[in-house]
Amino acid sequence: MDGKWKAILWSLLVVLGLAVLALGVVTGIVIASVESIYDLDSLHNRESALPSQILDRHGRLITEFFSDENRELVSIDELPRHLIYALITREDQTFFEHRGFSFRGTARAAWNLLTNQYVSGGSTITQQLAGHLYADRTEFSVYRKIVELWWALQLERHWTKYEILEAYLNRMWFGHGNYGVEAASQFFFGHSARDLTVAESAMLVIQLANPSLYSPIRRPNQARVIQSTILNRMVQNGYATQDEVDLSLERYWSTYDFTRANTSTAFFEREDRAPYFSEYIRHQLENRYLLGSLNINTDGYVVHTTLDLDFQASADRHLRAGIARANSIYRQNISSRVSHGDELVPIIDLLALTFDLETMEVGGEKARTRARQEYQERINPVLDALTLIFGTDNQDELRHLTRAAYARKQTESLRSTVEGALIAVENDTGHIMAMLGGREFESRNQFNRAVDGALEPGSAFKPLYYAAALENRVITPATMIYDAPVVFRTDDGEAYTPLNFRGEWAGPVLVRNALSRSMNVPSLKILDMVGFTSALDISASLLGIPEASRARRGFERRYPVGLGVVQVSPLEMASAFATFANQGRRLTPIAIRYIEDRTGRVIMEPEAELRREERRSGSAQQIISPQTAYVMTDILQTAVQSGTLVYARNVAGGFEQPTAGKTGTTQNWGAAWTVGYTPYYTSAVWLGFDRGRNNSLGVNQTGAITAGPIWSQFMKDIHKDLPRREFVRPEGIVEATVTARSGLLPPADYAGRTVRELFIAGTQPTRFDELERFEREQAPALVGRLRANLDRSSFSLDGDITPSFRSDLDLSLNLDMSFLPERDGAREEGDGTRDGERTLPDLILTPGSFPADDSGINPLLD
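Keep in mind that what you see is a predicted model, and the values were worked out from it rather than measured. (Residues numbered from 1 in each chain as written. Predicted model: local features only at pLDDT ≥ 70, side-chain atom pairs only at ≥ 80, totals over all residues. Heavy atoms only, no water.)

**A short note on helix H8 (residues 198-207)**
1) Next: Of all ten residues making up H8, ten are buried, and the element is well covered by its neighbours.
2) Next: All buried positions along H8 are accounted for by Val-198, Ala-199, Glu-200, Ser-201, Ala-202, Met-203, Leu-204, Val-205, Ile-206 and Gln-207. (Buried < 20%, exposed > 50% of the residue type's maximum accessible area, 1.4 Å probe, protein only. Helix = DSSP H or I, 4+ residues; strand = E, 2+ residues; numbered from the N terminus.)

**Quick notes on the environment of Glu-607**
1) Next: Within the secondary structure, Glu-607 sits in helix H24 (residues 606-617).
2) Next: For Glu-607 and Tyr-594, which are 13 residues apart along the polypeptide, the C-alpha to C-alpha distance reads 6.8 Å.
3) Next: Each residue touching Glu-607, except ones within four places of it in the same chain, is listed here: His-431, Ile-590, Ile-592 and Arg-593. (Contact = heavy atoms within 4.5 Å.)

**Topic: the sheet that holds strand S6 (residues 419-426)**
1) Next: A sheet is described by the order of its strands in space; here five strands give the open sequence S7-S6-S16-S15-S14, paired in antiparallel fashion. Two strands close off the open sheet at either side, each with one partner strand: strand S7 (432-436) and strand S14 (660-665). Each neighbouring strand pair of the sheet contributes to a mean axis angle of 5°, computed without reference to strand direction.
2) Next: Where S14 meets strand S15 (residues 671-677), six bridges bridge the pair, whose relative direction is antiparallel. Residue pairing across strands places Thr-663 opposite Thr-674, the latter belonging to S15. (Pairing = 2+ DSSP bridges. Axes fitted to C-alpha atoms, helices over the stretch in contact; angles between N-to-C directions.)

**So, the nonpolar core**
1) Next: Within the largest apolar cluster, 92 residues are counted, with the highest numbers of intra-cluster contacts made by Phe-277, Leu-285, Ile-432, Tyr-466, Leu-543 and Phe-580.
2) Next: With eight residues, helix H23 (residues 570-581) is the single largest residue contributor to this core.
3) Next: Judged by nonpolar contacts, the second largest core, of 54 residues, contains Ala-86, Phe-95, Val-198 and Met-234. (Core = buried A, V, L, I, M, F, W, Y, C linked by side-chain atoms within 4.5 Å.)

**Quick look at the packing of aromatic side chains**
1) Next: Applying the stated criterion across every chain yields a total of 20 aromatic pairs.
2) Next: With 6.4 Å between their ring centres and 45° between their planes, Phe-580 and Tyr-677 make a pair best called tilted. Of this pair, Phe-580 sits in helix H23 while Tyr-677 sits in strand S15; the two residues are 97 residues apart in sequence, bridging distant segments of the chain.
3) Next: Owing to a relative accessible area of 2%, Phe-580 belongs among the buried residues under this scheme.
4) Next: Within the aromatic cluster, the residues linked to one another by ring pairs are Phe-187, Phe-188, Phe-189, Tyr-252 and Trp-253.
5) Next: Over the aromatic face of Tyr-680 sits the side chain of Arg-725, whose NZ or CZ is 5.0 Å from the ring centroid. (Phe/Tyr/Trp six-rings, centres within 6.5 Å; stacked < 30°, edge-to-face > 60°. Lys NZ or Arg CZ within 6 Å of the ring centre and 35° of its normal.)

**Remarks on the sheet that holds strand S13 (residues 602-604)**
1) Next: Taken together, five strands build an open sheet; the order of strands is S2-S1-S5-S12-S13 and the sheet is mixed. Strands with a single pairing partner mark the edges of an open sheet, and in this sheet they are strand S2 (61-65) and S13. The sheet shows a mean angle of 25° between the axes of neighbouring strands, taken without regard to direction.
2) Next: Sheet topology places strand S5 (residues 302-305) next to strand S12 (residues 592-596); four bridges connect them, and they run antiparallel. By the bridge assignment, Val-302 is partnered in S12 with Glu-596.
3) Next: Across the sheet, H24 is in contact with S12 and S13; its angle to S12 comes to roughly 130°.

**Concerning the confidence of the model for the chain**
1) Next: Predicted confidence across the chain gives a mean pLDDT of 78, with 67% of residues reaching 70 or more.
2) Next: In the predicted structure, residues 793-862 sits below a pLDDT of 50 and forms 124 contacts with residues beyond four places in sequence or in another chain. (pLDDT = per-residue confidence, 0-100.)

**Describing the pattern of salt bridges**
1) Next: Following the criterion strictly, the structure yields 32 salt bridges and no others.
2) Next: As a salt-bridge pair, Arg-725 and Asp-428 come within 3.0 Å of each other at their nearest N and O atoms. Taken together, the positions of Arg-725 in the loop between helix H27 (703-718) and strand S17 (733-739) and Asp-428 in the loop between S6 and S7 put the pair 297 residues apart, joining distant regions of the chain.
3) Next: Judged by relative accessible area, Asp-428 falls into the partly exposed class, the value being 47%.
4) Next: For Asp-690, the salt bridge is made with Arg-449, and the minimal N-O distance between the two is 2.7 Å. With Asp-690 in the loop between strand S16 (681-688) and H27 and Arg-449 in helix H17 (residues 449-452), the pair connects residues that are 241 residues apart, well separated along the chain.
5) Next: On the basis of relative accessible area, Asp-690 is assigned to the partly exposed category, the value being 27%. (Salt bridge = Lys/Arg side-chain N within 4 Å of Asp/Glu carboxyl O.)

Take a look at the structure:
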């Protein structure tokens with residue numbers, strides 16, 4: 001037994017000796033690589049700073065990213081104490097006790113990770129600073145941790161705790177291209193770090209861990225949660241009182257401007273030919289490619305992108321003009337509404353005063369509205385300036401009032417200013433060719449609606465589930481659907497009654513015309529036929545929305561989804577339509593082709609990696625069949641040739657390339673869309689409001705009229721001098737002549753209008769249209785029988801005929817049925833029909849007495 005324990009002891013000593021030896025070797029390497037451990041301020045700056053260049057696809061300079069050379073380094077003595085308290089609460093609670101390394105902090109971090117309660121990491125503030133200055137923090141290795149620890153010990157030996165804090169706060173990365181607490185404070189809050197509040201201090205220190213995850217600009221909800229956690233922890237540690245924290249937090253979020261600058265001051269001091277795209281590239285670099293201590297502002301990278309500056313210039317020109325035109329029309333609409341209302345104000349006020357009806361008095365409310373406007377535009381700026389110049393005993397309260405007024409004015413602007421976005425991608429590659437996220441890129445307008453917008457697409461969404469219906473062989477372009485008032489019911493019994501634009505109804509209509517003319521009821525009937533499961537799954541797949549995000553984005557089993565009541569971005573819509581042009585294969589947008597370092601060495605190739613991933617995915621890239629994509633494209637070409645995009649096509653003077661597309665107008669005319677494509681490119685245009693979804697552009701501003709011309713003129717520009725190219729027609733597509741009224745085969749003696757239609761092989765109709773023969777041979781006798789029976793009053797047609805039923809007969813049979821008696825009111829419950837279905841009495845026609853087409857839809861009943 002003693003011999004066994006001796007062997008174990010000797011083994012442990014050998015292992016320990018080897019560990020010490022290894023540690024000595026590594027330490028020796030570290031020491032050998034150090035020129036002077038006393039020159040701590042210059043080692044991290046051995047190479048001169050070079051800006052990173054962002055180039056377009058032809059090698060032309062878009063912009064440069066460089067650091068803010070004039071930024072101010074703030075002394076630790078000038079910073080508020082609660083910033084220091086927030087920092088050590090979040091990052092290193094034993095900072096003033098340890099000598100560079102904390103066993104307690106490491107153990108706490110491990111426990112937080114195990115229990116999924118992450119609040120702070122395991123590295124001390126000193127270790128983080130050492131890693132930032134002297135190590136590559138993108139490398140996760142024992143060697144890197146030893147290097148960090150070595151330098152942390154050196155920093156602790158040569159600097160005081162407050163010198164370490166000052167260096168840390170002035171050098172660390174706070175996200176959005178900002179280094180140092182002063183630049184970050186100016187960036188997020190518009191004032192110096194010297195004036196930070198408790199809530200602002202907490203918000204800044206959480207950026208140190210993960211600016212992408214906790215940015216109050218990109219993820220305000222997540223940022224608010226962790227901010228509250230830090231503030232509560234500060235109260236527990238005695239660094240702040242509960243009242244102080246609550247007041248500061250309330251003031252922070254009540255006055256916070258969600259559109260405040262999301263790029264540094266240096267960003268606006270540079271020339272930029274595509275600022276929305278550049279900021280998109282910056283975000284990609286900082287959060288996907290150049291991580292850790294790699295600095296895009298000083299390391300001199302050359303980023304080769306997919307953008308075409310010629311396309312960008314055209315997009316900028318047409319979108320600016322379109323937004324200006326939309327705002328002008330919107331203001332005219334508002335002025336018209338207000339002027340009509342003002343005429344009645346004196347009369348209503350007189351009645352209110354005469355009869356003491358306070359709730360009727362509107363003049364007072366209008367006066368209050370004008371007073372608020374006067375205060376915000378004239379008084380508030382003066383009050384704010386006087387407060388800053390002279391100061392008062394109640395300066396904090398007055399500053400709060402002025403900030404709140406500014407925030408209120410900004411919110412009202414967001415609700416009443418028409419904004420816009422445009423995105424264009426190349427169908428073959430997914431290259432982003434042009435990107436505009438708004439009308440003007442400035443300090444208070446940097447939200448990229450083209451990429452980050454959660455916008456309702458309206459009727460522009462319809463082609464996605466039409467494609468699902470084609471893919472599942474539920475419909476063909478010649479399937480006849482009945483367009484008339486209808487009530488849909490969800491699984492839980494909720495009723496939904498859609499209306500068409502202007503409340504017009506067309507009766508029997510073929511699928512091709514239903515989509516090209518954007519009819520709501522036929523579209524929702526198609527959604528009902530294909531089923532929510534397949535419709536939502538294929539639509540979301542076309543958009544590239546992962547399953548976990550679909551419910552949050554509105555992809556639920558309810559009929560308003562069919563009218564585009566979901567949340568998408570213009571980039572997602574462009575990607576979905578580009579999939580049609582790409583023969584049904586998934587199209588992944590990409591903005592960066594490859595990245596070079598300052599020596600010209602290629603260090604990253606995002607596009608090459610994407611192509612490898614696509615090859616590995618194989619058949620999973622095929623969302624819909626090439627046949628479905630081709631038929632869908634052919635239908636959408638009708639929208640350009642004779643549907644809702646005719647006006648836009650004419651504005652552009654026609655197209656040289658085959659062109660397909662769809663317009664969209666959201667509920668209450670709140671936003672206007674156009675999405676369309678050629679064999680070369682796909683683009684999407686959106687115009688609407690940032691806030692105030694109940695606001696309306698006006699009935700005179702729709703997708704066809706407002707967004708369509710912007711889209712068509714841009715598409716006309718970017719296709720100049722390109723050789724004509726056709727959409728790829730796959731095998732398995734057949735053509736057949738069908739009747740224009742029913743979509744069935746015309747009989748030999750058919751005298752009506754016929755059309756040539758496309759079908760996926762095996763879905764073409766096999767039955768003949770007998771409606772004309774019925775009208776010619778049987779209808780007159782039927783009408784006579786009806787007259788005779790009504791004259792004798794010998795039978796009842798299940799109650800009197802409703803006006804809409806008579807109109808249905810007129811539309812279906814082209815007969816004068818005005819002699820039929822009318823009945824007001826809705827259908828009685830329990831009469832054996834489905835909601836939304838009108839059946840003719842058995843005496844006239846039974847469901848089985850008229851041939852249905854291959855889709856199973858009776859042309860007289862749907």
